[in-house]
Amino acid sequence: MSRSFDVCFVCAALFLLLFDQTCQATPYLLVNGQSSQDVVRFDLDTGAASLYATYKPNADPRNLAMDADGNIYSSLLGGNLNVVKLVPQTGTHLLTTVDFTASIGGDGPGQIQFYNGELYVAGDESRVIHVYNGSTGQQIGTLGAAQSGNIRAMAITGNTMYYEEAFQNRVHETDLTQLPTTWTTLLDDPTNLQKAINMTIGPQGDLVFANNNNTLIPMYNSAGTFLGNLADVKTFDSTLTNAWDVTYYAPLNEYFVSGGNEVFELSATGALLHTFSSPFLQGATGLLVVPEPSSIALLAIGALGLVAIVRRRWNASIADRR
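K.L.:
Break down the sheet that holds strand E20 (residues 245-249) for me, citing the residues and quoting the values.
P.N.:
Ordered by their spatial adjacency, four strands build an open sheet running E20-E21-E22-E23, and the pairing between neighbours is antiparallel. A strand with exactly one partner marks an edge of an open sheet, and here the two such strands are E20 and strand E23 (272-277). Between one strand axis and the next, the sheet turns through 20 degrees on average, direction left out of account. Pairing of strand E22 (residues 262-267) with E23, which is carried by five bridges, proceeds in the antiparallel orientation. Residue pairing across strands places Phe264 opposite Thr275, the latter belonging to E23.

K.L.:
Help me get a handle on the side chain of Gln111, residues and values and all.
P.N.:
Within the secondary structure, Gln111 sits in the loop between strand E7 (95-99) and strand E8 (112-115). Those residues within four positions of Gln111 in sequence are excluded, and the remaining contacts are Asn63, Tyr120, Val121, Ala122, Arg152, Ala153, Met154, Asn198, Met199 and Asp245.

K.L.:
Give a detailed account of the packing of aromatic side chains, specifying residues and quantitative values.
P.N.:
One pass over the structure, following the stated rule, counts 10 aromatic pairs. Between Phe42 and Phe276 the ring centres are 5.4 Å apart and the planes differ by 55 degrees, which places this aromatic pair in the tilted class. Taken as a pair, Phe42 in strand E2 (residues 38-43) and Phe276 in strand E23 lie far apart in primary sequence, 234 residues in all. On the basis of relative accessible area, Phe276 is assigned to the buried category, the value being 1%. Note on Phe209 and Tyr220: the rings are 5.9 Å apart at their centroids and 85 degrees apart in plane angle, and the pair reads as edge-to-face. Of this pair, Phe209 sits in strand E17 (residues 207-211) while Tyr220 sits in strand E18 (residues 216-220), and the two are 11 residues apart along the sequence. Of the residues examined, Tyr220 reaches a relative accessible area of 1% and is grouped as buried.

K.L.:
So what's going on with the sheet that holds E17? Residues and values would help.
P.N.:
If you walk across this open sheet you meet the four strands as E16-E17-E18-E19, and the pairing is antiparallel. Where the open sheet ends on each side, the last strands, each with one partner, are strand E16 (196-201) and strand E19 (226-232). Geometrically, the sheet is characterised by an average inter-axis angle of 25 degrees between neighbouring strands, direction not taken into account. Of the pairings in the sheet, the one linking E16 to E17 comprises five bridges and is antiparallel in character. Note that in E17 the partner of Ile201 across the bridge is Leu207.

K.L.:
Lay out the pattern of salt bridges with the relevant residues and their values.
P.N.:
A full pass over the atoms with the stated rule returns three salt bridges. Among the ionic pairs, Asp124 bridges to Arg152, the shortest N-O distance being 3.1 Å. You can see Asp124 sitting in the loop between strand E9 (118-122) and strand E10 (129-133) and its partner Arg152 sitting in strand E12 (residues 151-157), a full 28 residues away along the chain. In this pair, the class of Asp124 matches that of Arg152, namely buried. The partner of Arg170 in a salt bridge is Glu165, with the nearest N and O atoms 2.9 Å apart. Residue Glu165 is classed as buried on the basis of its relative accessible area of 1%. Taken together, the salt bridges that share partners define one network made up of Arg62, Asp124 and Arg152.

Scoring rules and cut-offs
- Residues numbered from 1 in each chain as written.
- Predicted model: local features only at pLDDT ≥ 70, side-chain atom pairs only at ≥ 80, totals over all residues.
- Heavy atoms only, no water.
- Pairing = 2+ DSSP bridges.
- Helix = DSSP H or I, 4+ residues; strand = E, 2+ residues; numbered from the N terminus.
- Axes fitted to C-alpha atoms, helices over the stretch in contact; angles between N-to-C directions.
- Contact = heavy atoms within 4.5 Å.
- Phe/Tyr/Trp six-rings, centres within 6.5 Å; stacked < 30°, edge-to-face > 60°.
- Buried < 20%, exposed > 50% of the residue type's maximum accessible area, 1.4 Å probe, protein only.
- Salt bridge = Lys/Arg side-chain N within 4 Å of Asp/Glu carboxyl O.

What follows is the structure in structure tokens.
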């Protein structure tokens, strides 16, 4: 009787601890610092900043992406002009980088994103989308509309890929499940698109851009109709002359926009919720919100712990009887 009560008590305590950890788990924000050559981590609850990773000299990091296993990758405007993977380094809690893909030359890669286990990379001066094996980094092929200009902004939602020609202010789309790949020009808008450098997909499938030639964040629906501007980052910081990255994080129904040495957390309607800044962050570029740990994964870990405890108690009970 006492052994059963003991096991139940331990199980209940472990469950409560697991439940508490699950409830407290929150996503966090990673930001590339192009001037400081590092990655800064921001706690989304407290705004506290800490160094997360360091780059090799002159890497000039651009964009961040995460694969299905939670590994972080970054595209480089300098260094080897390629995509690198963030990995632990000996003797410190900070991550460092190793080459993941070969160099693409020119101005290096722009936005990067994983889709069906493969890494898609905006090629900038190479004017194509490079496709790599998501495990090995070996190039599989390239995609792109005929006679494209420089490609920096790219996003995939569902099976649809969009990319924007930075100097032509045109957006193309394709269905990645259809072969051969057929591209359609979705919009051509030099008035509202001003050398957009990054893009994201909003809650209604809207296309949202960060302009490099002004401080506006223009929005379009999936049919290519201009909807207005999500925000003007100059209203948050009068010293800004452009935006850099924009990303939408669905679990919070919020946007994050980088510019200068800051990141702005915005509501779905563009209202400023919080400004993230730190002496660590110099030259904010690419953004990535890292999701909270899966509740299912935590429960699985907890279940394994319960099994181990019960098994030990059971073995002890058998031993006592002998």
